[in-house]
Amino acid sequence: MENMVNIYLFGKKYEVPAGLTIMNAMEYAGYQLIRGCGCRNGFCGACATIYRIKDKQELHACLACQTEVEEGMYVATLPFFPLVKQIYNIEEIKPTEQIMMQLYPEIYSCIGCNACTKACTQKLNVMQYIAYAQRGEYEKCAEESFDCVMCGVCSSRCPAGISHPQVAMLARRLNGKYIAPECGHLADRVKEINEGTFKQLIEDLMQKPVEELKELYNNREIEK
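Attention in this report is confined to the structure presented alongside it.

Time to look at the packing of aromatic side chains. With the rule as written, the count across this model stands at 3 aromatic pairs. Pairing Phe-10 with Tyr-31 gives two aromatic rings, centres 5.6 Å apart and planes at 55°, and the pair type is tilted. In this pair, Phe-10 is assigned in the loop between strand 1 (4–9) and strand 2 (12–17) and Tyr-31 in the loop between helix 1 (22–28) and strand 3 (48–53), connecting sequence segments 21 residues apart. Residue Phe-10 is classed as partly exposed on the basis of its relative accessible area of 44%. Ring centres of Tyr-14 and Tyr-31 lie 6.0 Å apart, and the angle between their planes is 70°; this geometry places the pair in the edge-to-face category. Residue Tyr-14 is located in strand 2, and its partner Tyr-31 is located in the loop between helix 1 and strand 3; the two are separated by 17 residues in the primary sequence. Exposure remark for Tyr-14: the relative accessible area of 16% places this residue in the buried category. You can call Tyr-31 partly exposed: its relative accessible area is 26%. Put simply, the rings of Phe-10, Tyr-14 and Tyr-31 pair up and form one aromatic cluster.

This brings us to a nonpolar patch on the surface. A cluster of nonpolar side chains, Leu-201, Leu-205, Leu-213 and Leu-216, forms an exposed patch at the surface whose accessible area comes to about 320 Å². Tracing the chain through its elements places Leu-205 in helix 9 (residues 199–206). Note on Leu-205: relative accessible area 33%, which makes it partly exposed.

Structurally, Asn-175 is set in helix 7 (residues 164–179). For Asn-175, the residues in contact, after removing those within four places along its chain, are Tyr-138, Glu-139, Ala-142 and Ala-180.

Taken as a whole and judged by the stated rule, the model has 7 salt bridges. For Glu-137, the salt bridge identified is with Arg-135, shortest N-O distance 2.5 Å. Three or more residues joined by partner-sharing salt bridges are found here, namely Arg-135, Glu-137 and Lys-140.

So, about the pairing of strand 2. Here strand 1 runs beside strand 2; their pairing, made up of 6 bridges, is antiparallel. Across the sheet, residue Val-5 finds its bridge partner in strand 2, namely Val-16. The antiparallel pairing of strand 1 with strand 2 creates a hairpin that spans 2 residues between the two strands, and Phe-10 there sits at a positive phi of about 55°.

This brings us to the nonpolar core. Formed by 25 residues in total, the largest nonpolar core has its most connected members in Met-100, Tyr-104, Ile-107, Val-126, Val-167 and Leu-170. Leave out the neighbours within four places in its chain, and Val-167 touches Met-100, Tyr-104, Ile-107, Ile-130, Ala-133 and Ile-162. Counting 24 residues, the second largest nonpolar core, distinct from the first, contains Ile-7, Ile-22, Ala-25 and Cys-47.

What follows is about the layout of surface pockets. Left-over empty space is what a probe sized like a water molecule reveals as it rolls over the atoms. Empty space within the second largest pocket amounts to approximately 340 Å³. In this structure, the second largest pocket is lined by Arg-189, Ile-193, Phe-198, Leu-201, Ile-202, Leu-205, Leu-213, Leu-216, Tyr-217 and Arg-220. Put simply, the parts of the chain that give the lining of the second largest pocket at least two residues each are helix 8 (184–194), helix 9 and helix 10 (210–218).

Attention shifts here to the packing of helix 4 (residues 126–134) against helix 7. Where helix 4 contacts helix 7, the axes come no closer than 10 Å and their chain directions differ by 50°. Put simply, helix 4 runs oblique to helix 7. Between helix 4 and helix 7 the crossing geometry is left-handed. Of the residues in helix 7, those in contact with Val-126, Tyr-129, Ile-130 and Ala-133 of helix 4 are His-164, Pro-165, Val-167 and Ala-168.

Conventions and cut-offs
Residues numbered from 1 in each chain as written. Predicted model: local features only at pLDDT ≥ 70, side-chain atom pairs only at ≥ 80, totals over all residues. Heavy atoms only, no water. Phe/Tyr/Trp six-rings, centres within 6.5 Å; stacked < 30°, edge-to-face > 60°. Helix = DSSP H or I, 4+ residues; strand = E, 2+ residues; numbered from the N terminus. Buried < 20%, exposed > 50% of the residue type's maximum accessible area, 1.4 Å probe, protein only. Patch = residues over 30% accessible without salt bridge, like charges linked within 9 Å, V, L, I, M, F, W, Y side chains within 5 Å. Areas by Shrake-Rupley, 256 points an atom, 1.4 Å probe, with all protein chains shown as cover. Salt bridge = Lys/Arg side-chain N within 4 Å of Asp/Glu carboxyl O. Contact = heavy atoms within 4.5 Å. Pairing = 2+ DSSP bridges. Core = buried A, V, L, I, M, F, W, Y, C linked by side-chain atoms within 4.5 Å. 1 Å grid on protein atoms, 1.4 Å probe; cavity = no way out; pocket = protein on both sides within 12 Å on 5 of 7 lines; lining within 4 Å. Points joined across faces, edges and corners; volume = space filled by probe spheres on them. Axes fitted to C-alpha atoms, helices over the stretch in contact; angles between N-to-C directions. Parallel < 35°, antiparallel > 145°, perpendicular 65-115°, else oblique. Left-handed = near helix turned anticlockwise from the far one by under 90°.

Below, the structure is given as C-alpha cells:
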C-alpha cells in the first residue's frame, strides 16, 4: 500500500496508512476498542493519549479520535485520571465565590505554571477559566471551558492537584441554573416533545438515510 507510516503502539512497531487518526490506526493494527471512548459506546474524552515523535524531545497530549498518525510516532493511551469530584445538590447551592472555595479549595493553590493550558487536548485556556472560577465569575468560566470533554489531561499535569474539568462543570451548572437568562421557548418545546407533538416527525426522521439527514442538518433554519 502507498503512503504508509511507521508508528509504535505501546512499544510495538506497526505500519499503518497515513491519514488515519490514532484511534483508527490502533484498530487497523488489530486493537479492539469496544468500550470507553465516546465514539465507541463510551464517553467523549476517554481516548486521551500522549505521544512523542522519534528523535524529538517534546511530549504531546491529544485525543486519539482527532489526531492523525505521523512517521515515527510513539503512542501510549492514558488511563482514567482520578479527578476529585465533590458531591453537591445544584438546587441547594448558589453562585457565590464561597461555594467554589468550599467545594474545590485547591484552585486557590494554583501557581500559575500554565501546564494545564499547554496540555489541554482542546486547546482551551484552562488557567484562565480557573482564574475566573477563583473570582466567582462563573459565566466567564462557563464560556471559556465550554468545549471541555473531561479527558483529565490538564489535571494530570497540575502540581497543585486541581481537578479542572470538575471545577468547570460546576461553573457551567451554576451559570445554567442561576445566571444565564431563562429560555422560555426552549421550555415550551421540551413540553411539546414530552406531550408527543413531534412523535411522528421524529419517527419519520429516523427512517431517512444518513446523507439526507446531513443535508437537512446543514441547511436547517438557525435562530438568530
